[in-house]
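Listed here are the chains, written in short residue letters.
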Amino acid sequence: MRLQGVLDDVLDEVGPLVGNGVPALSIPALRHVDVNRVGIAVATVDGRVHGAGAWSEPFSIQSVSKLFALALVFAHDGEALWKRVQRQPSSLRYDALIQLDLDCGIPRNPFVNAGALAVVDRLLTLRGDAGAAVVAFLRAESGNPDIGFDPTVAASEQGVSHRNAAAAHLMAAHGNLDQGIDDVLTHYIHQCAIAASCADLARAGLFLARAGRRNDGERLLTGLQTRRLNSILLTCGTYDAAGDVAYHVGLPAKSGIGGGVLAIVPGRGAVCAWSPGLDEAGNSIAAMAALHHFSEATGWSVF
Ligand code: GLU
């Protein structure tokens with residue numbers, strides 16, 4: 001299959017959708033991102049990378065970062081992690097607080113904000129500098145030493161992160177936070193403010209297509225852990241739209257309000273699409289459509 005031709009066709013197909021939706025409004029620095037940008041990259045398990053559009057342009061990865069933090073913690077803690085966070089889809093927004101209180105401070109899953117805070121808390125305990133651990137992982141896997149935090153985005157979110165602060169306080173009140181609330185929040189916000197491109201993220205996601213093996217051959221996760229992480233991506237990785245994404249795309253995926261979506265094709269590769277215009281659930285309209293066309297054109301699906 002000529003993947004380059006598929007990617008070019010996919011971008012032609014989604015052209016009319018580019019510019020639809022709104023950029024992330026909750027983070028002031030992201031409100032003025034150009035919604036007309038679009039890119040897609042695919043990295044295959046043999047190490048090849050193809051791309052189309054703005055596939056090498058860095059963007060704010062936001063919640064896509066949660067998948068890498070989770071992999072680092074799951075690799076160390078294994079099943080013990082599930083005492084701190086559940087694995088259930090949430091029917092409420094990713095920053096909801098009501099459910100967290102009802103569930104006694106145990107977040108619904110590692111991809112809602114509260115769940116990601118629990119993961120960052122654990123990564124801080126394990127590694128000292130949680131944000132730096134995620135950046136180091138992304139640099140190593142993508143081969144791009146320039147990946148780092150966007151300080152403007154981090155400072156902008158830090159000033160308005162009231163709901164995340166409230167979630168951290170609730171978790172602390174329920175005894176589900178080991179580190180200081182301010183430290184956890186700061187590392188979480190920095191992790192979300194990492195800037196990377198579609199090509200970087202597709203390369204960095206390959207370990208999930210390769211049964212847990214990193215690009216240097218070292219094992220991060222066991223094959224079983226990789227299947228489990230992919231199953232959480234499928235059921236919880238795209239906000240409240242996970243059912244629709246399973247239906248239309250059929251791949252485990254993680255989206256972020258920066259407009260990026262990283263999807264995993266077990267045994268074959270990873271594909272990342274980006275366009276900043278979001279729908280009501282918080283998913284990129286054009287990037288999701290691109291993944292839909294990509295999976296139809298390639299037949300790549302877990303179903
Ligand atoms: N930093 C954002 C927040 O905490 C991430 C949201 C997202 O991408 O889902 O709200």
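What this report covers is the structure whose coordinates are included nearby.

Calculation rules
Throughout, a residue's number is its position along its own chain's written sequence, starting from 1. Residue-level local features of this predicted model are given only where pLDDT is at least 70; pairs of side-chain atoms are given and counted only at 80 or more, and the full residue set underlies all totals for whole chains, interfaces and linings. Water and hydrogen atoms were dropped before computing side-chain values, which therefore reflect all heavy atoms in the structure. In this analysis, a patch consists of residues with relative accessible area above 30% that form no salt bridge, clustered at 9 Å for like charges and at 5 Å for the nonpolar side chains Val, Leu, Ile, Met, Phe, Trp and Tyr. Residue-level accessible areas treat just the shown protein chains as cover; the underlying method is Shrake-Rupley with a 1.4 Å probe. We define a salt bridge as a side-chain nitrogen of Lys or Arg found within 4 Å of a carboxyl oxygen belonging to Asp or Glu. In this tally Asp and Glu are treated as negative and Lys and Arg as positive; neither His nor the chain ends contributes. A single reference atom marks each charge: NZ on Lys, CZ on Arg, CG on Asp, CD on Glu. In DSSP terms, a helix is any run of H or I states spanning at least four residues, a strand is any run of E spanning at least two, and both are numbered starting from the N terminus. The classification of residues rests on relative accessible area computed with a 1.4 Å probe and restricted to protein chains. Under 20% of the type maximum is buried, over 50% is exposed, and intermediate values are partly exposed. An axis is simply a line fitted to the C-alpha atoms; with a helix, the fit covers only the stretch in contact. Between two such axes, the angle follows the N-to-C directions and lies from 0 to 180 degrees. Note that the term roughly parallel is reserved for angles under 35 degrees, roughly antiparallel for angles over 145, roughly perpendicular for angles of 65 to 115, and oblique for everything else. In what follows, residue pairs with any heavy atoms lying within 4.5 Å of each other are defined as contacts. For this classification, the nonpolar set comprises Ala, Val, Leu, Ile, Met, Phe, Trp, Tyr, Cys and Pro, the charged set comprises Asp, Glu, Lys and Arg, and every other residue, Gly included, is treated as polar. Each polar contact in these results corresponds to two N or O atoms within 3.5 Å; when the atoms are within protein, one needs to be able to donate a hydrogen and the other to accept it, and residues that are neighboring in sequence are counted only if both atoms are side-chain atoms. Each residue is tested against the molecule or strand, and it is near if at least one of its non-hydrogen atoms lies within 4 Å. One bridge is not enough; two strands pair if DSSP finds at least two bridges between them. Note on aromatic pairs: the rings of Phe, Tyr and Trp (six-membered ring only in Trp) are paired at centre separations within 6.5 Å, and the planes decide the class, stacked below 30 degrees, edge-to-face beyond 60, tilted for the rest. Working rule: Lys NZ or Arg CZ, within 6 Å of ring centre, within 35 degrees of ring normal, means a charge sits over the ring.

So, a negative patch on the surface
Taken together, the side chains of Asp8, Asp9, Asp12, Glu13 and Glu296 define an acidic patch exposed on the protein surface. Tracing the backbone through its elements, the reader meets Asp12 in helix α1 (residues 3-14).

Considerations on the environment of Ser56
Its place among the elements puts Ser56 in the loop between β2 (49-53) and β3 (59-60). Each C-alpha atom, one on Ser56 and one on Gly39, is 7.9 Å from the other, the two residues being 17 residues apart in sequence.

Regarding the pattern of salt bridges
According to the stated counting rule, one finds ten salt bridges in the structure shown. Among the ionic pairs, Asp77 bridges to Arg122, the shortest N-O distance being 2.4 Å. Highlighted residues: Asp77 in helix α2 (residues 65-77) and Arg122 in helix α4 (residues 113-127), separated in sequence by 45 residues. The buried category is assigned to Arg122, whose relative accessible area is 19%. Linking Glu141 and Arg214 is a salt bridge whose minimum nitrogen-to-oxygen distance equals 2.8 Å. Taken together, the residues span a long stretch of sequence, with Glu141 in helix α5 (residues 130-142) and Arg214 in the loop between α9 (198-204) and α10 (223-236) at a distance of 73 residues.

Here's the deal with the packing of α4 against helix α8 (residues 181-192)
Running from amino to carboxyl end, α4 crosses α8 at an angle of 105°, the nearest separation of the two axes being 9 Å. What the angle tells us is that α4 and α8 run roughly perpendicular. Where α4 abuts α8, its residues Asn113, Ala116, Leu117, Val120, Asp121 and Leu124 lie against Asp183, Val184, Leu185, His187, Tyr188 and Gln191. Counted by class, the contact of α4 with α8 contains seven nonpolar, three polar and two charged residues.

Here's the deal with the side chain of Asp200
Within the secondary structure, Asp200 sits in helix α9. Within the local environment of Asp200, its side chain forms a polar contact with the backbone nitrogen of Ser197, the two atoms lying 3.0 Å apart.

Describing unusual backbone geometry
Generally, phi is negative for residues other than glycine and the peptide bonds are trans, each holding for most cases. Look at Cys104: it is not a glycine, yet its phi comes out positive at around 55°. As for its position among the elements, Cys104 is in the loop between α3 (98-102) and α4. Positive phi values are uncommon outside glycine, yet Ala211 reaches one of about 55°. The topology assignment puts Ala211 in the loop between α9 and α10.

Section: the site of the ligand
Gln62, Ser63, Tyr94, Asn113, Glu157, Asn164, Tyr188, Cys192, Tyr239, Gly256 and Ile257 make up every residue found near the ligand. In the model, an oxygen atom of the ligand is placed 3.1 Å from a nitrogen or oxygen of the Asn113 side chain. In the environment of the ligand, a nitrogen atom lies 2.8 Å from a nitrogen or oxygen atom belonging to the side chain of Glu157. In isolation the ligand exposes 300 Å². Once the protein is present, 96% of that is buried.

Quick look at the pairing of strand β8 (residues 269-274)
Burial analysis of β8 places six of its six residues in the buried class, the great majority of the element. Burial along β8 is two-sided: Gly269, Val271 and Ala273 and Ala270, Cys272 and Trp274, pointing in opposite directions, are all buried. Bridge count between strand β1 (residues 39-44) and β8: six bridges; the pairing is antiparallel. Its bridge partner lying in β8, Ala41 is registered against Cys272. As judged from the six bridges shared by strand β7 (residues 260-265) and β8, these two strands associate in the antiparallel manner. Within β8, the position partnered with Val261 by the bridge is Ala273. Counting the residues that bridge the hairpin from β7 to β8 gives three residues, and of these Gly267 lies at a positive phi of roughly 85°.

Quick word on the packing of aromatic side chains
The geometry of an aromatic ring pair comes down to the distance between the two centres and the angle between the two planes. All chains considered together, the criterion is met by six aromatic pairs. Judged by centre distance (5.5 Å) and plane angle (55°), the rings of Phe74 and Trp82 are tilted. On the basis of relative accessible area, Phe74 is assigned to the buried category, the value being 1%. Between Phe137 and Phe207, the aromatic rings sit 5.4 Å apart at their centres with planes inclined by 90°, giving edge-to-face as the arrangement. Linking Phe137 in helix α5 with Phe207 in the loop between α9 and α10, this pair joins segments that are 70 residues apart in sequence. Its relative accessible area of 3% is what places Phe137 among the buried residues. Among the aromatic residues, those joined into a cluster by ring pairs are Phe68, Phe137 and Phe207. Positioned over the ring face of Tyr239 is Lys254, at 4.8 Å from the centre of the ring.

Any functional reading would require information that these geometric values do not contain.
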